[in-house]
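Structural overview
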Amino acid sequence: MRDDTIAAIATPPGEGGVAIVRLSGPEAIAIADRVFRGRTPLRSIESHRLVYGHLVDPATEAVLDEVLVGVMRRPRSFTREDVVELNVHGGRLVARRTLELVLKEGARLAEPGEFTLRAFLNGRIDLAQAEATLDVIRAETEAALLAAGRALRGAFGEAVRAVRAALLRLVSRLEVAVDYPEYDEPDVTRAEIAAELEALVGRLRALRGEAALGRLLRDGVPTAIVGRPNAGKSSLFNALAGEERAIVTDVPGTTRDVLEVRLVVGDVVLRLVDTAGIRRSDDPVEAIGIERARKALREASLVLAVVDGARPLSPEDEALLAELRERSAIVVLSKSDLPSVVTPEAVAAHLPSAPVVRVSARTGAGLSALRAAILRVLGFSPEARPEAMATANVRHLAALDAALEAVGAARRAAGAGAPEDAVLVDLRQALRHLGAILGEDVDETVIRTIFSDFCVGK
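A quick note: this is a predicted structure, and the numbers were derived from the prediction, not measured. (Residues numbered from 1 in each chain as written. Predicted model: local features only at pLDDT ≥ 70, side-chain atom pairs only at ≥ 80, totals over all residues. Heavy atoms only, no water.)

Examining the nonpolar core
Filter applied, for reference: In this text, buried Ala, Val, Leu, Ile, Met, Phe, Trp, Tyr and Cys residues form a nonpolar core when linked through side-chain atoms within 4.5 Å. In this scheme, a residue with accessible area under 20% of its type's maximum is buried, one over 50% is exposed, and one in between is partly exposed, where area comes from a 1.4 Å probe on protein chains only. We call two residues in contact whenever any of their non-hydrogen atoms come within 4.5 Å of each other.
Judged by nonpolar contacts, the single largest core of 39 residues is most densely connected at F156, L197, L400, V407, L427, L434 and I437. Leaving out residues up to four positions away in the same chain, L400 has contacts with F156, L204, L207, R208, A211, L434 and I437. Counting 35 residues, the second-largest nonpolar core is a separate cluster that includes I225, L263, L302 and I374.

Quick look at the packing of aromatic side chains
In plain terms, the rule: Two aromatic rings from Phe, Tyr or Trp, using only the six-membered ring of Trp, form a pair when their centres are within 6.5 Å; if the ring planes differ by under 30 degrees the pair is stacked, by over 60 it is edge-to-face, and anything between is tilted. Any Lys NZ or Arg CZ found within 6 Å of a ring centre and within 35 degrees of that ring's normal is scored as a charge over the ring.
In total, this model carries two aromatic pairs according to the counting rule given. Cluster of aromatic residues (ring-pair linked, three or more members): F120, F451 and F454. For R22, the ring lying beneath its charged end belongs to F115, and the centroid distance is 5.6 Å. Over the aromatic face of F78 sits the side chain of K458, whose NZ or CZ is 5.2 Å from the ring centroid.

Notes on a nonpolar patch on the surface
Which entries qualify depends on this criterion: Like charges within 9 Å and nonpolar side chains (Val, Leu, Ile, Met, Phe, Trp, Tyr) within 5 Å are joined into patches, using only residues over 30% in relative accessible area that form no salt bridge. In these tables, accessible area is a Shrake-Rupley quantity obtained with a 1.4 Å probe, and a residue counts as shielded only by the protein chains included in the view. We define a salt bridge as a side-chain nitrogen of Lys or Arg found within 4 Å of a carboxyl oxygen belonging to Asp or Glu. Secondary structure elements follow DSSP: runs of H or I no shorter than four residues count as helices, runs of E no shorter than two count as strands, and numbering proceeds from the N terminus.
Residues L50, Y52 and L68 make up a contiguous nonpolar surface patch of about 300 Å² in total accessible area. Examined against the element boundaries, L68 turns out to sit in strand β5 (residues 62-72). In this structure L68 comes out as partly exposed when scored by relative accessible area, which is 37%.

Some words on the sheet that holds strand β9 (residues 259-265)
For clarity, the threshold we go by: Criterion used throughout: strands pair if DSSP finds at least two bridges between them. The axes used here are C-alpha line fits, helices contributing only the stretch in contact, and every angle between their N-to-C directions lies in the interval 0 to 180 degrees.
Pairing is mixed across the open sheet formed by six strands, whose spatial order is β9-β10-β8-β11-β12-β13. In this open sheet, the two edge strands, each paired with only one partner strand, are β9 and β13 (356-358). Taken pair by pair, the neighbouring strands of this sheet meet at an average axis angle of 25°, ignoring direction. Two elements, strand β8 (residues 221-226) and strand β11 (residues 302-308), share four bridges in a ladder whose sense is parallel. Its bridge partner being in β11, A224 is matched across the sheet by V303.

Description of the confidence of the model for the chain
Using the following cut-off: Confidence scores per residue from the predictor, reported as pLDDT, run from 0 to 100.
For the chain, per-residue confidence averages 86 on the pLDDT scale, and residues scoring 70 or more make up 88% of the total. Averaged pLDDT values over the elements of the chain bottom out at 65 in helix α9 (residues 284-299) and peak at 97 in helix α1 (residues 28-35). The model gives residues 245-257 a pLDDT under 50, and that stretch makes 37 contacts with residues more than four places away or in other chains.

A short note on helix α13 (residues 394-415)
Worth spelling out the cut-off: What a helix is expected to span follows from its residue count: subtract one and scale by 1.5 Å. Whenever two N or O atoms come within 3.5 Å, that pair is a polar contact, provided that in protein one can donate a hydrogen and the other can accept it, and provided that, for residues adjacent in sequence, both atoms are side-chain atoms.
The terminal C-alpha atoms of α13, which comprises 22 residues, lie 31 Å apart, in line with the 32 Å expected from a rise of 1.5 Å per residue. What α13 keeps buried is the set H396, L397, A399, L400, A403, A406, V407, G408, A409, A410, A413 and A414. Its side-chain oxygen at 3.0 Å from the backbone nitrogen of R395, N393 defines the N-terminal cap of α13.

Here's the deal with the sheet that holds strand β6 (residues 83-90)
Spatially, the seven strands line up as an open sheet ordered β3-β4-β5-β6-β2-β1-β7, and their pairing is mixed. At either end of the open sheet lies a strand with only one pairing partner, and these are β3 (36-38) and β7 (108-109). Of the pairings in the sheet, the one linking strand β2 (residues 16-24) to β6 comprises eight bridges and is antiparallel in character. What sits directly across from L23, in β6, is V84.

Notes on the packing of helix α8 (residues 233-241) against helix α12 (residues 367-378)
Worth spelling out the cut-off: Oblique is the label for any angle not under 35 degrees, not over 145, and not in the 65 to 115 range, which are roughly parallel, roughly antiparallel and roughly perpendicular in turn. For this scheme, ten residues count as nonpolar: Ala, Val, Leu, Ile, Met, Phe, Trp, Tyr, Cys and Pro. Four count as charged, namely Asp, Glu, Lys and Arg, and the remainder, Gly too, count as polar.
One way to put it is that α8 packs onto α12 with a least axis distance of 11 Å and a crossing angle of 85°. The orientation of α8 with respect to α12, classified from their angle, is roughly perpendicular. Residue-level inspection shows L236, A239 and L240 of α8 in contact with α12, the latter providing L367, L370 and R371. Of the residues assigned to the contact of α8 with α12, the class counts are five nonpolar, no polar and one charged.

Brief notes about the pattern of salt bridges
All told, the structure shown has 31 salt bridges when counted by the stated rule. For D33, the salt bridge goes to R43, with nearest N and O atoms at 3.3 Å. You can see D33 sitting in helix α1 and its partner R43 sitting in the loop between β3 and β4 (49-57), a full 10 residues away along the chain. The exposure class assigned to R43 is exposed, which follows from its relative accessible area of 59%. Note that R37 is salt-bridged to E61, the shortest N-O span being 2.7 Å. Linking R37 in strand β3 with E61 in the loop between β4 and β5, this pair joins segments that are 24 residues apart in sequence.

Details of the side chain of D126
Tracing the sequence through the fold places D126 in the loop between α3 (114-121) and α4 (127-138). Residue D126 is classed as buried on the basis of its relative accessible area of 7%. Reaching out from D126, the side chain makes a polar contact with the backbone nitrogen of Q129 at a distance of 2.7 Å. A distance of 3.0 Å separates polar atoms of two side chains, one belonging to D126 and the other to R161. Those residues in contact with D126 that sit more than four places away from it in its chain are F120, G157, R161 and L438.

Spelled out as structure tokens, the structure:
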């Protein structure tokens, strides 16, 4: 535990029913006692009690507010330190004055996320749970909130720990084989090692897949609507957004800039971007818009390629479709209220792997089918239950990818007949990568970066 006491306003700024000033640390109760007047001093009340009294300025004994004060004694608190919460009336001035009083009495202003950081450092939660705290706060959909709640309760960390425990058992067996070769049974051991490595690869892939879906729930999906001018991109953008956000005309090149809207599709938030029509242009302003469209295309995790279904495929259409062969994409045949000219087979000749959906932005026909296709492409099957998922982030995915690569390398080495100590090198790397998810052997810079995203009072 740290030897100083921190304090911060734990509620949003502005007027409200209640504002909370939170303290945590060895002097939390003593400091709060110096600004509180009630029937019983805070140092004398039992843990997890809420008591009534008044907030006073110790220098003048002037009463500033009526308060309710909660005391949570270590280790039965979020930080596993003594925690006090001063519940004052929800005004800017009274909350600020309360914070000033406890700082004057010896507390230090908390850094962003420092309460959660102390919970992590004191073993109350692992690093994945600490990150999930922020996911709960920032959840934008019911599914994201449920998934963040599961991660906060430790579901993702438990899954990582289970794989790590299996990996650790295998490492222990190999270390015995290296250190005590007289007890090794080479034929049996190598067969078992191969089977266990294969099983570990499968478990890591499954965990990685679940984490990828959890990341989509947490972060949303950057989604670019692209296509040639007048293909119907802005009309589709407006239809999906449910409002007239983009200007729609018959003049090619109307969209000169990138427009963005956050859109909920099923359980996922799409960061939907409408872009300028992609073509060659000598207009310097349109050229800037086209370059921004290409940038949005490069950064998108999902691409909605809009093709005018009422006109034959143009060379620009064909070039764009060919460009998307290695991307997660859906082809939208627009203007389905007009006679159709482009067929799914014609699209498949250039982009065979992408779903094709006919849509009319004018009538709304096909929009439901498009939303369903978006969820399928992202990996959300009709049977998927978001409440059974847990949120994950880019750091988690990178660590899982590195662990999967290390175990895969160990499997290849074992299959090639490499000695056990060579296989152990890769497996120990995998252990480190999985441990990093939970906060073991993590660089201090990484930890500071994670907690810097938190608000001061959390």
